[in-house]
Amino acid sequence: ILQGRGLYAVAPGGNMVQQNTQALNSNNYLNLLAGSRKAVRYRRGTVLFSQGGPADSLYYIVFGRVKLSSFSDSGKEAVIGIYAAGEFLGLNCLIGQPGRQMTATVLVSSSILRIGKEAMSRTLTSDPQMTDWFLGYVLTRKVQLEARLTDSLSNRCEQRLARTLLFLARHG
């Protein structure tokens, strides 16, 4: 998945395609989720959460970019993805996972809303429209991750790199 101006996946035949993902309506749902909280501005290099830390909230990127990575016991970093405006991070907290499996690091100056696990659970329970939208978001992300995994397993590294570079040249 290449992420930046929306989400991307590998279509049959190996072409990268932009997914039709709708950003959350900031006037309605973000206010409902945030309560009295406002999005916070983070500088490049800020760590939002660390691997092994408590999974007590999720984050919504209003603008900017965040890198999600995992570190091996020897300290080697594996970049899992780059996330941009309109995307959530830390969704695993909603399934009762006690600790973070990854580290989220701000790549560029970003505005990010931290949403408590309980607040998100309450909203999903009480607002069917939000629940429908959020379920669509999560399922779209799942499909994209499956496409990325399939691409990684079935295509040579050189093919994936060439396709990604061509896509970036065309779409920036």
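Rules of the game
Residues numbered from 1 in each chain as written. Predicted model: local features only at pLDDT ≥ 70, side-chain atom pairs only at ≥ 80, totals over all residues. Heavy atoms only, no water. Helix = DSSP H or I, 4+ residues; strand = E, 2+ residues; numbered from the N terminus. Buried < 20%, exposed > 50% of the residue type's maximum accessible area, 1.4 Å probe, protein only. Contact = heavy atoms within 4.5 Å. Areas by Shrake-Rupley, 256 points an atom, 1.4 Å probe, with all protein chains shown as cover. Phe/Tyr/Trp six-rings, centres within 6.5 Å; stacked < 30°, edge-to-face > 60°. Lys NZ or Arg CZ within 6 Å of the ring centre and 35° of its normal. Pairing = 2+ DSSP bridges. Axes fitted to C-alpha atoms, helices over the stretch in contact; angles between N-to-C directions. Parallel < 35°, antiparallel > 145°, perpendicular 65-115°, else oblique. Nonpolar A, V, L, I, M, F, W, Y, C, P; charged D, E, K, R; others polar. Salt bridge = Lys/Arg side-chain N within 4 Å of Asp/Glu carboxyl O. Arc of directions from axis to C-beta.

A.B. asks: What am I meant to see in the overall build of the protein here?
C.D. replies: In terms of helices and strands, the protein carries four helices and 11 strands. When the 172 residues of the protein are sorted by exposure, 38% land in the buried category. Here the contacts in the protein between residues at least 6 apart in sequence split such that 71% fall between residues at least 24 apart. Of the accessible surface of the protein, which amounts to about 10000 Å², a share of 54% is contributed by carbon and sulfur atoms.

A.B. asks: So what exactly am I meant to see when it comes to the packing of aromatic side chains here?
C.D. replies: The description of an aromatic ring pair rests on the distance of the ring centres and on the angle between the ring planes. If you walk through the whole model with that rule in mind, you get seven aromatic pairs. Look at Trp133 and Tyr137: their rings are 5.6 Å apart centre to centre, the planes differ by 15 degrees, and that puts the pair in the stacked class. Here the residue Trp133 and the residue Tyr137 both occupy positions in helix α3 (residues 128-154), the gap between them amounting to four residues, near one helical turn. One exposure class covers both Trp133 and Tyr137, and it is buried. The cationic tip of Arg100 hangs over the ring face of Phe49; the distance from NZ or CZ to the ring centre is 4.0 Å.

A.B. asks: What's the story with the pairing of strand β8 (residues 77-84) in this structure? I'm lost.
C.D. replies: When a strand is regular, its side chains alternate between the sheet's two faces. Judged from the seven bridges that link them, strand β7 (residues 65-71) and β8 form a sheet pairing that is antiparallel. Considered in β8, the bridge of Leu68 is made with Gly81. Linking β7 back to β8 in an antiparallel pair, the connection comprises five residues, with Gly75 at a positive phi of about 95 degrees.

A.B. asks: Explanation requested: the packing of helix α2 (residues 117-126) against α3 in the structure shown.
C.D. replies: Interaxial distance between α2 and α3 falls to 5 Å at its minimum, and their mutual angle equals 110 degrees. If you check the angle between α2 and α3, you find them roughly perpendicular. For the pair α2 and α3, contact is made by Met120, Thr123, Leu124 and Ser126 and by Pro128, Met130, Thr131 and Phe134, respectively. Classifying every residue of the contact of α2 with α3 gives five nonpolar, three polar and no charged.

A.B. asks: Please clarify how the pattern of salt bridges should be interpreted in this entry.
C.D. replies: Side chains that differ in charge, positive against negative, can pair when their charged atoms come close. Taken as a whole and assessed by the stated rule, the structure comprises four salt bridges. Here Lys142 makes a salt bridge to Glu146, at a shortest N to O gap of 2.2 Å. Of this pair, Lys142 and Glu146 both sit in helix α3, four residues apart, roughly one helical turn. Its relative accessible area of 42% is what places Lys142 among the partly exposed residues. Given a relative accessible area of 39%, Glu146 falls into the partly exposed group. As a salt-bridge pair, Arg156 and Glu158 come within 3.5 Å of each other at their nearest N and O atoms. Classification of Arg156 by relative accessible area gives exposed; the value is 54%.

A.B. asks: So what exactly am I meant to see when it comes to the sheet that holds β7 here?
C.D. replies: Each strand in a sheet pairs with another by means of backbone hydrogen bonds, the pair being arranged parallel or else antiparallel. One open sheet holds the four strands; their spatial order is β5-β10-β7-β8, and the pairing between them is antiparallel. The outermost strands of the open sheet, each flanked by one partner alone, are β5 (47-49) and β8. Pairwise comparison of adjacent strand axes, ignoring direction, gives a mean angle of 30 degrees for this sheet. Direction of pairing for β7 relative to strand β10 (residues 103-106): antiparallel, over a ladder of four bridges. Among the inter-strand pairings, Val66 is bridged to a residue of β10, identified as Val106.

A.B. asks: Looking at this structure, I do not really get α2. What am I missing?
C.D. replies: Quick reminder: α-helices carry 3.6 residues per turn. Residues three or four places apart thus point the same way. Looking only at α2, the buried set comprises Ala119, Met120 and Thr123. Projected down its long axis, α2 carries its buried residues within an arc of 95 degrees, all on one side. Turned more than 90 degrees from where α2 packs its buried face, Glu118, Arg122 and Thr125 sit exposed.

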